[in-house]
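# Geometric and topological summary
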Amino acid sequence: MGSFIELNDTLQLTKEQGFPVELDLEKHKTKPFSAKDFEGRVFEFRDKPAIRLYQAPPVRNFLVENRDGKWIYWGLCHILQVTHDYTAKTTSGKFKIISIYSVEDMTKAFDLSDQRPEMKFSLS
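Okay, so let's go over this structure. (Residues numbered from 1 in each chain as written. Predicted model: local features only at pLDDT ≥ 70, side-chain atom pairs only at ≥ 80, totals over all residues. Heavy atoms only, no water.)

### Points about the overall build of the protein
Note the cut-off: Each helix is a run of H or I in the DSSP string that is no shorter than four residues. Each strand is a run of E no shorter than two, and both are numbered from the N terminus. We take the radius of gyration over the C-alpha atoms and set the globule estimate at 2.2 Å times the residue count to the 0.38 power.
Assigned secondary structure in the protein consists of two helices and seven strands. Reading the protein from its N terminus to its C terminus gives the helix and strand order β-β-α-β-β-β-β-β-α. In terms of overall size, the protein behaves like a compact globule, its C-alpha atoms giving a radius of gyration of 14 Å where 124 residues would be expected to give roughly 14 Å. A principal-axis box enclosing the C-alpha atoms of the protein has dimensions of 50 × 35 × 25 Å.

### A closer look at the environment of Glu118
Let me state the cut-off plainly: Burial classes: relative accessible area under 20% of the type maximum marks a residue as buried, over 50% as exposed, and values in between as partly exposed (1.4 Å probe, protein chains only). Should any heavy atoms of two residues lie within 4.5 Å, those residues are counted as being in contact.
With respect to the helices and strands, Glu118 occurs in the segment after helix 2 (103-113). Given the relative accessible area of 49%, Glu118 is considered partly exposed. A C-alpha to C-alpha distance of 9.3 Å links Glu118 and Trp71, two positions 47 residues apart in sequence. Among residues more than four places away in sequence, those in contact with Glu118 are Gly69 and Lys70.

### Some details on helix 2
In an α-helix there are 3.6 residues to a turn, and that puts residues three or four apart on one side. For the record, the criterion: It is the directions from the helix axis to the C-beta atoms that the arc portrays.
Turning to helix 2, its buried residues number three or more, namely Met106, Ala109 and Phe110. What you see down the axis of helix 2 is that its buried residues fit within an arc of 95°, all on one side. Those residues of helix 2 that are exposed and angled more than 90 degrees off the buried face are Glu104 and Leu112. Where the residues of helix 2 are buried, they touch helix 1 (25-30) and strand 6 (70-85).

### Concerning the sheet that holds strand 2 (residues 10-13)
Note the following rule: At least two bridges found by DSSP between two strands are what make those strands a pair. Only C-alpha atoms enter the line fits that serve as axes; for helices the fit covers just the stretch in contact. Angles between N-to-C directions range over 0 to 180 degrees.
The mixed open sheet is built from five strands, whose spatial order is 2-5-6-7-3. Among the strands making up the open sheet, the edge pair consists of strand 2 and strand 3 (43-49). Mean inter-strand twist for the sheet, computed between neighbouring axes without regard to direction, equals 45°. Of the pairings in the sheet, the one linking strand 6 to strand 7 (residues 90-100) comprises ten bridges and is antiparallel in character. From the neighbouring strand, Thr83 faces strand 7, where its bridge partner is Ser92. Running at roughly 70° to strand 6, helix 2 makes contact with strand 5 (61-67) and strand 6 of the sheet.

### Observations regarding unusual backbone geometry
For residues that are not glycine, phi is negative in most cases, and the peptide bond is trans in most cases. Following Pro57, the chain continues to Pro58 via a peptide bond in cis, the omega torsion being 15°. By the element assignment, Pro58 lies in the loop between strand 4 (52-54) and strand 5. In this structure, Ala50 takes a positive phi of about 85° despite not being glycine. Relative to the assigned elements, Ala50 resides in the loop between strand 3 and strand 4. Even without a glycine there, the phi angle at Asp68 is positive, about 50°. Tracing the chain through its elements places Asp68 in the loop between strand 5 and strand 6.

### Observations concerning the packing of aromatic side chains
Keep this limit in mind: Only the six-membered ring of Trp is used, alongside the rings of Phe and Tyr, when aromatic pairs are assigned; centres must lie within 6.5 Å, and planes under 30 degrees apart are stacked while those over 60 apart are edge-to-face, with the rest tilted.
Taken as a whole and judged by the stated rule, the model has eight aromatic pairs. When the centroid spacing of 6.1 Å and the interplanar angle of 45° are considered together, the rings of Phe19 and Trp74 count as tilted. One end of the pair, Phe19, is in the loop between strand 2 and helix 1; the other, Trp74, is in strand 6, with 55 residues separating them in the sequence. Per residue, the accessibility class of Phe19 equals that of Trp74, and both read buried. Note on Phe45 and Phe95: the rings are 6.3 Å apart at their centroids and 45° apart in plane angle, and the pair reads as tilted.

It is worth stressing that arrangement in space is one thing and function is another; only the former is reported here.
Structure (structure tokens):
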């Protein structure tokens, strides 16, 4: 019998799925964002393929932007709410940003967390 459920420690989103448009890489390179810039804000994501479970607060999830299949590790988030659509087999929810990496740490986070070179977004 079976149900397939994915366990994730990474919230990896495209802009279409709800990655925050405010997190602009070029702006971040010029004047780095911090978690304080997003304090009190709740963001929504939608239609992630598959039924997914995420780490519950106070445990962090990595916040990753997916740009054309390449991943940018932006920082950490707490998943606040998850909704599953069992017919469409999708996951949606809400999250808050708890940490934003410096540009240097974005690269380090990828190198430490993900060893797939084909997924690495060039930050230069």
